[in-house]
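Architecture and fold: a report
Read off the chains here:
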Protein chains: 2
Amino acid sequence: MAIKESIRPGGRSARVQESIHAAVRTLLEEQDRASITVPQIAGRAGVTPSTIYRRWGDLSELLADVALARMQPDRPPLDTGSLLGDLRAWAEQYLDEISSEPGRNMMRDVQNSASIPCHCVEILGGQLRIILERYPHADSPRPTIDHLINLIVAPTVFRVLFSSAPLTVEELHRLIDIALDT
Amino acid sequence: MAIKESIRPGGRSARVQESIHAAVRTLLEEQDRASITVPQIAGRAGVTPSTIYRRWGDLSELLADVALARMQPDRPPLDTGSLLGDLRAWAEQYLDEISSEPGRNMMRDVQNSASIPCHCVEILGGQLRIILERYPHADSPRPTIDHLINLIVAPTVFRVLFSSAPLTVEELHRLIDIALDT
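Residues numbered from 1 in each chain as written. Chains lettered and ligands numbered in written order. Predicted model: local features only at pLDDT ≥ 70, side-chain atom pairs only at ≥ 80, totals over all residues. Heavy atoms only, no water.

Counting secondary structure elements, chain A contains 10 helices and zero strands. Traced from its N-terminal end to its C-terminal end, chain A shows the element sequence α-α-α-α-α-α-α-α-α-α. For chain A, the spread of C-alpha atoms along the principal axes amounts to about 55 × 40 × 25 Å. For chain A, the residues scored as buried account for 48% of the 182 residues in total. Long-range contacts, defined as pairs at least 24 residues apart, comprise 65% of the intrachain contacts of chain A with a sequence gap of at least 6. About 8,600 Å² of surface is accessible on chain A, with carbon and sulfur atoms providing 52% of the total. Positive and negative side-chain charges of chain A, numbering 19 and 24 respectively, have mean locations separated by a distance of 8 Å. (Helix = DSSP H or I, 4+ residues; strand = E, 2+ residues; numbered from the N terminus. Buried < 20%, exposed > 50% of the residue type's maximum accessible area, 1.4 Å probe, protein only. Contact = heavy atoms within 4.5 Å. Areas by Shrake-Rupley, 256 points an atom, 1.4 Å probe, with all protein chains shown as cover. Lys, Arg positive; Asp, Glu negative; His and termini not counted. Charge placed at Lys NZ, Arg CZ, Asp CG, Glu CD.)

Set out below in structure tokens:
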């Protein structure tokens, strides 16, 4: 994955990566994930399989990299004017995104990777940091990012991955209240 | 997986399943998970690959089934005489088990399955139910099993799967206190 970090935006290596990511996204829409192969992706992207193996090591790392790229937020969290409002808006959108079938598959791809799951937590933590820094003078002491991840993100993800039903919005709101009160 | 439920204990089908599970456990100790194949497992277990495909569908379902079997608790949760004590003892042992490398791989195998993740939550919920039912007259209103899963199990599992470091025992104790106070 180190290679990915050092990509010069717009450079050849970035264009090759984007064509490979695009091939994966298209194939994921066309067929069952379990049936997707590296040679198939390479064929779509117009590269050799060895290009993919050299850069990602194996298919699960590539799928995780594509999933991570999709999780990169395209805008800062909604600013509602209150810490509670911002956390609710952000958490409800996150719950929506990952409880869809594509969202659940993205979570699985991400955590099947050796290196990417932590990037995923960094992205979520970064979003939460933006929200927390909007309210430096909140009446009650501000929760830490880890606390918000443990009490809001973890149950949301766990229920999507392991339970028959995702969190309800009511459960999510209760967890946010608990995170802010403890 | 339905077949698994209907196995007659000690029957031929149970013996075949146990030999296949044993072959998987041995191979998992001998080599990298990614390199294990169904024909290899079949060879070790003395069955044909088609027996495995017929019963489990594919390798990920078999790995998940083996992981689930390993997660079946072999004894009831420790009875310490208090709800807090029982929850701490159970949660600390669970944290120990899943934050090991084999434990982490088991969690990944389980949640890569289509049908097994919910069984996993049922097992955890069953353990928590045993603990809760020991204290019918607890002073504070007893938490629900879902509440304990959201606040104690979810962060424990999430941190193992997605974070660079598992929960510390101190964090775990704090989450248990929160679960009992909210």
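Alright, that's what it looks like, and here's the rest.
Moving on to the side chain of Gln127 of chain B. In this structure, Gln127 of chain B sits in helix H8 (residues 116-133). In this structure Gln127 of chain B comes out as buried when scored by relative accessible area, which is 10%.

Next up on the list: the UniProt feature "domain: HTH tetR-type" (unreviewed entry) in chain A. Under the UniProt annotation, the feature "domain: HTH tetR-type" (unreviewed entry) is placed at residues 14-74 of chain A. With 75% helix and 0% strand, residues 14-74 of chain A has end C-alpha atoms that lie 19 Å from one another. (UniProt positions renumbered as here; feature names shortened; annotations may be inferred.)

On to the environment of Ala165 of chain A, then. With respect to the helices, strands and loops of the structure, Ala165 of chain A is situated in the loop between helix H9 (145-162) and helix H10 (169-181). For the pair Ala165 of chain A and Trp56 of chain A, spaced 109 residues apart in sequence, the C-alpha separation works out to 33 Å.

All names here are of chain B. Spanning 17 residues, helix H6 (residues 83-99) covers 24 Å between terminal C-alpha atoms, matching the ideal 24 Å at 1.5 Å per step. For H6, the set of buried residues is Leu83, Gly85, Asp86, Leu87, Trp90, Ala91, Tyr94, Leu95 and Ile98. Where H6 is buried, its residues contact helix H7 (101-111), H8, helix H9 (145-162) and helix H10 (169-181). (Expected span 1.5 Å × (residues − 1).)

Attention shifts here to the packing of helix H5 (residues 59-71) of chain B against H8 of chain B. Residues and elements named next belong to chain B. Direction vectors running N to C along H5 and H8 enclose 5°, while the axes themselves pass 10 Å from each other. Taken as axis vectors, H5 and H8 run roughly parallel relative to one another. Contacts between H5 and H8 involve Glu61, Ala64, Asp65, Leu68 and Met71 from the first element and Ile116, His119, Cys120 and Ile123 from the second. Here the residues of the contact of H5 with H8 sort into six nonpolar, one polar and two charged. (Axes fitted to C-alpha atoms, helices over the stretch in contact; angles between N-to-C directions. Parallel < 35°, antiparallel > 145°, perpendicular 65-115°, else oblique. Nonpolar A, V, L, I, M, F, W, Y, C, P; charged D, E, K, R; others polar.)

On the side of chain B, 30 residues touch chain A, which itself brings 29 residues to the contact. Here chain A and chain B share an interface that buries about 2,500 Å² over both sides, 66% of which is from carbon and sulfur atoms. A per-residue breakdown of the area chain A buries against chain B is headed by Gln111, Phe158 and Phe162 of chain A, which together make up 28% of the total. For the pair chain A and chain B, the interface holds zero salt bridges. There are two residue pairs in polar contact (both at pLDDT 80 or more) connecting chain A and chain B. Broken down by secondary-structure element, the contributors of at least two residues to the side of chain A that touches chain B are helix H7 (101-111), helix H8 (116-133), H9 and H10 of chain A. Broken down by element, the residue count for the side of chain A that touches chain B peaks at 12 residues, all from H9 of chain A. Across the side of chain A that touches chain B, the residue classes break down as 17 nonpolar, eight polar and four charged. (Buried area = accessible area lost by both parts, 1.4 Å probe. Salt bridge = Lys/Arg side-chain N within 4 Å of Asp/Glu carboxyl O. Polar contact = N/O pair within 3.5 Å; in protein donor to acceptor, adjacent residues only side chain to side chain.)

Before going further, it helps to examine the environment of Leu84 of chain A. All names here are of chain A. Relative to the helices and strands, Leu84 resides in helix H6 (residues 83-99). Residue class for Leu84 comes out partly exposed when judged on its relative accessible area of 32%. Separated by 89 residues in the primary sequence, Leu84 and His173 place their C-alpha atoms 9.2 Å from one another. Leu84 has contacts with Ile176, Asp177 and Leu180, leaving out every residue within four places of it along the chain.

Residues and elements named next belong to chain B. At a minimum axis separation of 4 Å, H6 and H7 run at an interaxial angle of 85°. The angle between H6 and H7 places the two elements in the roughly perpendicular class. On H7, the residues touching Tyr94, Glu97, Ile98 and Ser99 of H6 are Glu101, Gly103, Arg104 and Met107. For the contact of H6 with H7, the class distribution of residues is three nonpolar, two polar and three charged.

Attention shifts here to the UniProt feature "DNA-binding region" (unreviewed entry) in chain A. Per the UniProt annotation, the sites labelled "DNA-binding region" (unreviewed entry) are residues 37-56 of chain A. For residues 37-56 of chain A, helix accounts for 80% and strand for 0%, while the C-alpha atoms at its two ends are 14 Å apart.

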